[in-house]
Amino acid sequence: MASVEFKHIDKIYPGNVHIVKDFNLRIEDGEFIVFLGPSGCGKSTTLRMLAGLEDISGGEIMIGDKVVNDLEPKDRDIAMVFQSYALYPHMTVYENIAFALKLSGFDKKEIEQKVRPVADMLQLTPLLERKPKALSGGQRQRVAMGRAMVRTPEVFLFDEPLSNLDAKLRNSMRSEIKAMHKKLNKTTIYVTHDQVEAMTLADRIVILRDGKVEQVGTPYEIYHNPANKFVAGFIGSPTMNLLPVSLEQGQGWKLDLQGQEIPLVGEVEGNIELGQHVVMGIRPSDIHLTPATLSVPVEVKGLVVQSELLGSTVQLTCQIGDYQLVVEAASTELIEEGVERSLYLDSSQLHLFDDESGRSIYTATAIDKVDSTPQTVALA
């Protein structure tokens, strides 16, 4: 196994197009890291620099204790699985998987001993004599994985490997990639724009935007403690509700939302001034139609302008004064559009972000043994 470390990595294309900006990250032996972010954020470029497929404009990349900036891709002991499969159409599945071994000078017996166990693990044994055109998309992607696995590299790289597959196949392949990592315990770096892939596969997620790291953390940390407004709005489906409010202090911190108060539990971080404009965040799943299960619910009135049944849940868009809230609730009752409803915010799940910098200044924690009488906030 091998660790991977990025030290002050930059990538600048001609015309001073700065794609990756001072990227720093250490990845431990056997860790599964996911680079997640919108298109154009630099995640694939960073992966390709590690693989040696892109030149580095500045900084150092280390695999283990070796600086690899000037090493050829074949000398970096990595294997990469691409979005496009990149299989040789004239070769059989067996020949595709064995190709790198053949180039490296392994004899037929050694190749057989390496290919067969990998084919068995990926359920490709019955397909070994087929050519890629006779395979489904999921089968082709398993062949691409097999070609990488058979070399037993120190580091696996995946560049959006499932984006060409349908939803059912993506679910299946996610499970296979997770099982492969658990079995091989190799350092793995995986690029995707799909949040579900990131949340289900990663030991840690690296959130990128405009070539910069916004946050690094476990899936739990990224979801429950977003470092800033961008991460809060990017992670989750539907995304977190973000509402402008002002921050006040009396006996404790409270929010002024169109003249009404929402109390906070705990302290707000940083040098905050009374009346300062901040952004309140709350996830749609933390807004309820009844207060029964909440420790300290805050009641607001909202006009249901849209109701979408999504099977076990219903997604509501509610107009509250000048703002809209998206609510995700259990579909146990018919929710009519055009009707005003009471909505109960779980105040133990509130977030606050600085309006200018976007950084997190407050994340609520679970509240125990507190009066659960709903507090009513009537919004104009």
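The following paragraphs examine the structure supplied in this document.

Reading guide: rules and limits
Residues numbered from 1 in each chain as written. Predicted model: local features only at pLDDT ≥ 70, side-chain atom pairs only at ≥ 80, totals over all residues. Heavy atoms only, no water. Pairing = 2+ DSSP bridges. Helix = DSSP H or I, 4+ residues; strand = E, 2+ residues; numbered from the N terminus. Axes fitted to C-alpha atoms, helices over the stretch in contact; angles between N-to-C directions. Parallel < 35°, antiparallel > 145°, perpendicular 65-115°, else oblique. Left-handed = near helix turned anticlockwise from the far one by under 90°. Contact = heavy atoms within 4.5 Å. Nonpolar A, V, L, I, M, F, W, Y, C, P; charged D, E, K, R; others polar. Salt bridge = Lys/Arg side-chain N within 4 Å of Asp/Glu carboxyl O. Buried < 20%, exposed > 50% of the residue type's maximum accessible area, 1.4 Å probe, protein only. Expected span 1.5 Å × (residues − 1). Phe/Tyr/Trp six-rings, centres within 6.5 Å; stacked < 30°, edge-to-face > 60°. Lys NZ or Arg CZ within 6 Å of the ring centre and 35° of its normal.

1. Considering the sheet that holds strand E2 (residues 17–27)
Within the open sheet, the four strands sit side by side as E2-E1-E4-E5. Their pairing is antiparallel. One side of each edge strand has no neighbouring strand; the edge strands of this open sheet are E2 and strand E5 (66–67). Of the pairings in the sheet, the one linking strand E4 (residues 58–63) to E5 comprises two bridges and is antiparallel in character. Bridge assignment links Ile-63 to a residue of E5, and that residue is Lys-66.

2. Here we look at the packing of helix H2 (residues 93–103) against helix H3 (residues 108–121)
Viewed as axis vectors pointing N to C, H2 and H3 meet at an angle of 130 degrees, and their least axial separation amounts to 10 Å. Comparing the axis directions of H2 and H3 gives the class oblique. Crossing of H2 against H3: the hand is right-handed. Contacts between H2 and H3 involve Tyr-94, Ile-97, Ala-98, Leu-101 and Lys-102 from the first element and Ile-111, Glu-112, Lys-114, Val-115 and Arg-116 from the second. Classifying every residue of the contact of H2 with H3 gives six nonpolar, no polar and four charged.

3. Some details on the packing of helix H4 (residues 137–149) against helix H5 (residues 167–184)
Remark: H4 packs on H5, axes separated minimally by 11 Å, with the N-to-C direction vectors making an angle of 15 degrees. With respect to H5, the axis of H4 lies roughly parallel. Crossing of H4 against H5: the hand is right-handed. Contact with H4, carried on its side by Gly-138, Gln-141, Arg-142, Met-145 and Met-149, involves Leu-169, Met-173, Glu-176, Ile-177, Met-180 and Leu-184 of H5 and no other residues of that element. Residue composition of the contact of H4 with H5, grouped by class: seven nonpolar, two polar and two charged.

4. Here we look at the pattern of salt bridges
Applying the stated rule across the entire model yields 10 salt bridges. Between Glu-5 and Arg-26 there is a salt bridge, with the nearest N and O atoms lying 3.2 Å from each other. Residue Glu-5 is found in strand E1 (residues 4–13), and its partner Arg-26 is found in strand E2; the two are separated by 21 residues along the sequence. On the basis of relative accessible area, Glu-5 is assigned to the partly exposed category, the value being 21%. Each member of the salt-bridge network shares a partner with another, and the members are Glu-5, Arg-26 and Glu-28.

5. Points about the pairing of strand E11 (residues 241–249)
Inspection of the sheet shows E11 paired to strand E14 (residues 277–282) by six bridges, in the antiparallel sense. Looking at E14, one finds that Asn-241 is bridged to Ile-282. In the sheet, E11 pairs with strand E12 (residues 253–257) via four bridges, with the strands oriented antiparallel. Bridging across to E12, Ser-246 finds its partner in Asp-256. Between E11 and E12, which pair antiparallel in sequence order, lie three residues.

6. Brief notes about the pairing of strand E16 (residues 297–310)
For E16 and strand E19 (residues 340–346), the ladder comprises seven bridges, and the chain directions are antiparallel. Each bridged residue has a counterpart across the sheet, and for Val-298 the counterpart in E19 is Leu-345. Hairpin geometry of E16 and strand E17 (residues 313–320) is characterised by an intervening segment of two residues between the two adjacent antiparallel strands and by a positive phi of about 85 degrees at Gly-311.

7. Thoughts on H4
Over its 13 residues, H4 runs 18 Å from end to end, which matches the ideal 18 Å to within 8%, given 1.5 Å per residue. Most of H4 sits out of view: 11 of its 13 residues are buried. All buried positions along H4 are accounted for by Gly-138, Gln-139, Gln-141, Arg-142, Val-143, Ala-144, Met-145, Gly-146, Arg-147, Ala-148 and Met-149. Buried positions along H4 lie against strand E6 (78–81), H2, H3, strand E7 (155–159) and H5.

8. Points about unusual backbone geometry
Generally, phi is negative for residues other than glycine and the peptide bonds are trans, each holding for most cases. In this structure, the amide linkage connecting Ser-237 to the following residue, Pro-238, adopts the cis form with an omega of 0 degrees. Examined against the element boundaries, Pro-238 turns out to sit in the loop between helix H8 (229–234) and E11. Even without a glycine there, the phi angle at Asn-16 is positive, about 60 degrees. Relative to the elements of secondary structure, Asn-16 occurs in the loop between E1 and E2. Classification of Asn-16 by relative accessible area gives exposed; the value is 63%. With a phi angle near 55 degrees, Gln-123 is a residue other than glycine that sits in the positive phi range. Relative to the helices and strands, Gln-123 resides in the loop between H3 and H4.

9. A word on the environment of Phe-6
Mapped onto the elements of the fold, Phe-6 is located in strand E1. It is 16 Å that separates the C-alpha atoms of Phe-6 and Leu-36, two residues lying 30 residues apart in sequence. Leaving out residues up to four positions away in the same chain, Phe-6 has contacts with Phe-23, Asn-24, Leu-25, Ile-27, Phe-35, Thr-46, Leu-50, Glu-60 and Ile-61.

10. Topic: the packing of aromatic side chains
Taken as a whole and judged by the stated rule, the model has eight aromatic pairs. Between Phe-6 and Phe-23, the aromatic rings sit 5.0 Å apart at their centres with planes inclined by 90 degrees, giving edge-to-face as the arrangement. Of this pair, Phe-6 sits in strand E1 while Phe-23 sits in strand E2, and the two are 17 residues apart along the sequence. Each of the two residues, Phe-6 as well as Phe-23, counts as buried. One Lys or Arg, Arg-283, reaches over the ring of Tyr-223 and ends 4.0 Å from the middle of that ring.

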